[in-house]
Amino acid sequence: EYNDLWRKQVIYQLLTDRFARDEDDFEHPSQGRKYLGGTWRGIIKKLDYIQSLGCTAVWISPIVKNIESQTGYGEAYHGYWAQDFTELNNHFGSSQDLKDLVNSLHKRGMLCMIDIVVNHMGHAGTQAIDYTQFKPFNQANDFHPWKYIQDYNNQEEVVKGWLGDNCVNLPDIKTEKPSVRKFFKKWISDLINTYKFDGIRIDTAKHVEKSFYPSFIETANVFTTGEIFHGNPKYAGIYQNYMPSIINFPFYYQLREAFSSPRKPMLEYYQKGVLDIRHSFRDTTILCNFLENHDVPRFFSQTQDNALALNALAATIFSDGIPVIYYGQEQRFSGGNDPDNREGLWVSKYDTSNFVFECISLFIRLRQRLVAKYPKFCTQLSQMVYVDNRVYAFYRPGILLVLCNGGRKMRKTIQIDISSFSSHTNQVFVDALTQSRIQATEKILNLTVKYGLPLVCIFMFSQKVF
Ligand code: ABC
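As the structure is a computational prediction, the values presented were derived from the model and not from experiment.

Rules used in this analysis
Residues numbered from 1 in each chain as written. Predicted model: local features only at pLDDT ≥ 70, side-chain atom pairs only at ≥ 80, totals over all residues. Heavy atoms only, no water. Helix = DSSP H or I, 4+ residues; strand = E, 2+ residues; numbered from the N terminus. Rg over C-alpha atoms; globule rule 2.2 N^0.38 Å. Buried < 20%, exposed > 50% of the residue type's maximum accessible area, 1.4 Å probe, protein only. Contact = heavy atoms within 4.5 Å. Lys, Arg positive; Asp, Glu negative; His and termini not counted. Charge placed at Lys NZ, Arg CZ, Asp CG, Glu CD. Near = heavy atom within 4 Å. Polar contact = N/O pair within 3.5 Å; in protein donor to acceptor, adjacent residues only side chain to side chain. Areas by Shrake-Rupley, 256 points an atom, 1.4 Å probe, with all protein chains shown as cover. 1 Å grid on protein atoms, 1.4 Å probe; cavity = no way out; pocket = protein on both sides within 12 Å on 5 of 7 lines; lining within 4 Å. Sits in = over half its atoms within 2 Å of the grid points. Nonpolar A, V, L, I, M, F, W, Y, C, P; charged D, E, K, R; others polar. Phe/Tyr/Trp six-rings, centres within 6.5 Å; stacked < 30°, edge-to-face > 60°. Lys NZ or Arg CZ within 6 Å of the ring centre and 35° of its normal. Points joined across faces, edges and corners; volume = space filled by probe spheres on them.

**Student:** Help me out: how do you make sense of the overall build of the chain in this one?
**Tutor:** If you tally the helices and strands in the chain, you get 14 helices and 21 strands. In summary, the chain has a C-alpha radius of gyration of 23 Å against a globular reference of 23 Å for 466 residues, a match within 12%. Across its three principal axes, the chain shows a C-alpha extent of roughly 75 × 45 × 40 Å. Among the 466 residues that make up the chain, the fraction classed as buried is 60%. Sequence-distant contacts, at least 24 apart, represent 70% of the contacts inside the chain between residues at least 6 apart. For the chain, the separation between the mean place of its 52 positive charges and that of its 48 negative charges on side chains is 6 Å.

**Student:** Would you explain the site of the ligand in this entry?
**Tutor:** Surveying the vicinity of the ligand reveals 23 residues, the closest of which are Lys 206, His 207, Glu 227, Gly 231 and Asp 295. Here an oxygen atom of the ligand sits 2.9 Å away from a polar atom, N or O, in the side chain of Arg 33. A distance of 2.7 Å separates an oxygen atom of the ligand from a polar atom in the backbone of Gly 231. Here the ligand loses 69% of its free accessible area of 1100 Å² to cover by the protein chains. When atoms are counted within 2 Å of each cavity's grid points, the one that captures over half of the ligand is the largest pocket. When its residues are assigned to classes, the shell around the ligand shows 7 nonpolar, 7 polar and 9 charged.

**Student:** It is not clear to me how the environment of Ala 307 should be interpreted in this structure. Could you clarify?
**Tutor:** Among the secondary structure elements, Ala 307 is positioned in helix H13 (residues 306–318). A relative accessible area of 4% places Ala 307 in the buried class. Taking the C-alpha atoms as reference points, Ala 307 and Gly 125, 182 residues apart in sequence, are found 45 Å from one another.

**Student:** I tried to follow the packing of aromatic side chains on my own but got confused; where do I start?
**Tutor:** For any two aromatic rings, the description comes down to two numbers: the centre-to-centre distance and the angle of the planes. Applying the stated rule across the entire model yields 45 aromatic pairs. With 6.3 Å between their ring centres and 65 degrees between their planes, Phe 85 and Phe 183 make a pair best called edge-to-face. Taken together, the positions of Phe 85 in strand E4 (residues 82–88) and Phe 183 in helix H7 (residues 178–195) put the pair 98 residues apart, joining distant regions of the chain. When the centroid spacing of 5.4 Å and the interplanar angle of 85 degrees are considered together, the rings of Phe 85 and Trp 187 count as edge-to-face. On the criterion of sequence distance, the pair formed by Phe 85 in strand E4 and Trp 187 in helix H7 is long-range, its members being 102 residues apart. Through successive ring pairs, a cluster of aromatic residues spans Phe 85, Phe 137, Phe 183, Phe 184, Trp 187, Phe 212, Tyr 213 and Phe 216. Between Arg 298 and the ring centre of Tyr 327, over which it is positioned, the NZ or CZ distance is 5.4 Å. Lying over the aromatic face of Phe 377, Arg 396 brings its terminal NZ or CZ to 4.1 Å of the ring centre.

**Student:** What exactly am I supposed to notice about empty space enclosed by the protein here?
**Tutor:** Take a probe with the size of a water molecule and roll it over the atoms, and the empty space left behind shows itself. In this structure the tally under the stated criterion is 3 cavities of 30 Å³ or more. Within this model, the largest cavity holds a volume of roughly 150 Å³. Those elements that provide at least two residues to the lining of the largest cavity are helix H11 (266–280) and strand E15 (391–396). It is H11 that contributes the most residues to the lining of the largest cavity, 4 residues altogether. Looking at side-chain class alone, the lining of the largest cavity contains 6 nonpolar, 6 polar and 2 charged residues.

**Student:** Just checking my understanding: could you explain the side chain of Ser 361 for this structure?
**Tutor:** With respect to the secondary-structure elements, Ser 361 resides in helix H14 (residues 355–373). Residue class for Ser 361 comes out buried when judged on its relative accessible area of 10%. Aside from chain neighbours lying at most four places away, what touches Ser 361 is Ser 52 and Leu 53.

**Student:** Explain unusual backbone geometry here, please?
**Tutor:** What you tend to see is this: most non-glycine residues have negative phi, and most peptide bonds are trans. In this structure, Pro 136 follows Lys 135 across a cis peptide bond, with omega equal to 0 degrees. Position of Pro 136 among the secondary structure elements: in the loop between strand E6 (123–124) and helix H6 (155–160). Note the cis peptide between Ser 261 and Pro 262, where omega equals -10 degrees. Positive phi outside glycine occurs at Lys 349, with the angle close to 55 degrees. Its place among the elements puts Lys 349 in the loop between strand E13 (322–326) and H14. We classify Lys 349 as exposed; its relative accessible area is 52%. Phi is positive for Lys 443, close to 70 degrees, though the residue is something other than glycine.

If you want it as structure tokens, here you go:
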């Protein structure tokens, strides 16, 4: 089943235009709102890089033809302003290039996820919209009447209203119309048959009526996750009745609240970031967890403390759900709001030796080993074993993770009773970051958080250290 397959993945999210160009040129401009030249071929050339980070699936930005206009917000380099669903965006390459990309991923045992937008198309400027420029929806009647969303608490408006503004309008497709639904089903099954994509991320998912999804997803017949940009788990959780997975914004907000300043107590993180989410979703083990994406300021634009960052990264990678790493996180990029959080990755020279890259890669590799070794790793919910205002620890098969949000000067010793998750009185653990050995005595484990770093305690059952 594809959901089980995806639970085991670690996704690397990239913007095709910003990830890699056909030929490396590290001095090439890397900022702004224009196409900078990244391509699907560029991605193929850098699959070793993604693989050395440990990621096993790649989420690429939207692939269809976009408007070519110079708008008040620049060009459609991100791919979210569709003009023609029946053609590819040739800035990124040819149809053959895209097939080659998926093929190259599959040869490495990796998966490919595409980002799709069914909610809207794109239109530059304030002038009346010329619907004939769109394909295939080329008449006003294929769209909701022009009215911007004003009240985000009014779901009817969120679904039928328009996103956008005077610079760029996003004409809102009438997804409830049978002919429109019919087109989208054929479109997605053709795309998947032609290119063999393994998964889909649905953009602006909360702006489309929920009833659109079940039959669409059934037709696509691949893993699907929806972008429900909302911090409230109750609001977002309802969507899991209509799609298997969503991009976990509620968790994202709690990560930021716990690990960026001002820092909320870890007790609150446990309550809101773990329990409230668990109670609002049918199944948290298949939500897509992230610390950064292309719509939010990067973590390091808000926090410079590396200890906090490593805790937030460990939380992203080891909590229940599917981790998503947004390209550039591994290079400690620190851009703020869009478009600054969409830097050309070439400025990093694709360095694999910096310590953030190394830590992410270490965490991901450990996760993969746990996934391989413990059949229940992906489906068994994490178990809280300790929590106070600065420290939260949980158990999952094969690992005890101790998160701390005290920052790099924090030192604290805690005691954990291991009897609820280990049958060995003198269980031995190895902390992955420091490689130090920790042993329980009579089922009691004394742990010392140092320099505010997370403790990634791996269960040892033999002398062999991973
Ligand atoms: C352009 C410029 C920006 C400018 C903006 C107005 O216009 O580049 O500088 O600020 C694409 C491009 C963008 C472009 C937009 C609009 O199109 O990538 O560069 O911005 O032309 C998806 C994609 C996103 C994409 C689109 C459009 C949608 O990931 O990259 O943008 O296809 C809303 C949508 C969400 C969308 C997001 C950007 O905007 O719902 O689908 N993302 C509140 C609202 C959310 C809203 C969010 C951000 O603000 O509820 O609906 O997202 O504007 C929490 C609450 C949340 C709340 C947040 C702020 O606080 O729980 O509900 O979110 O506590």
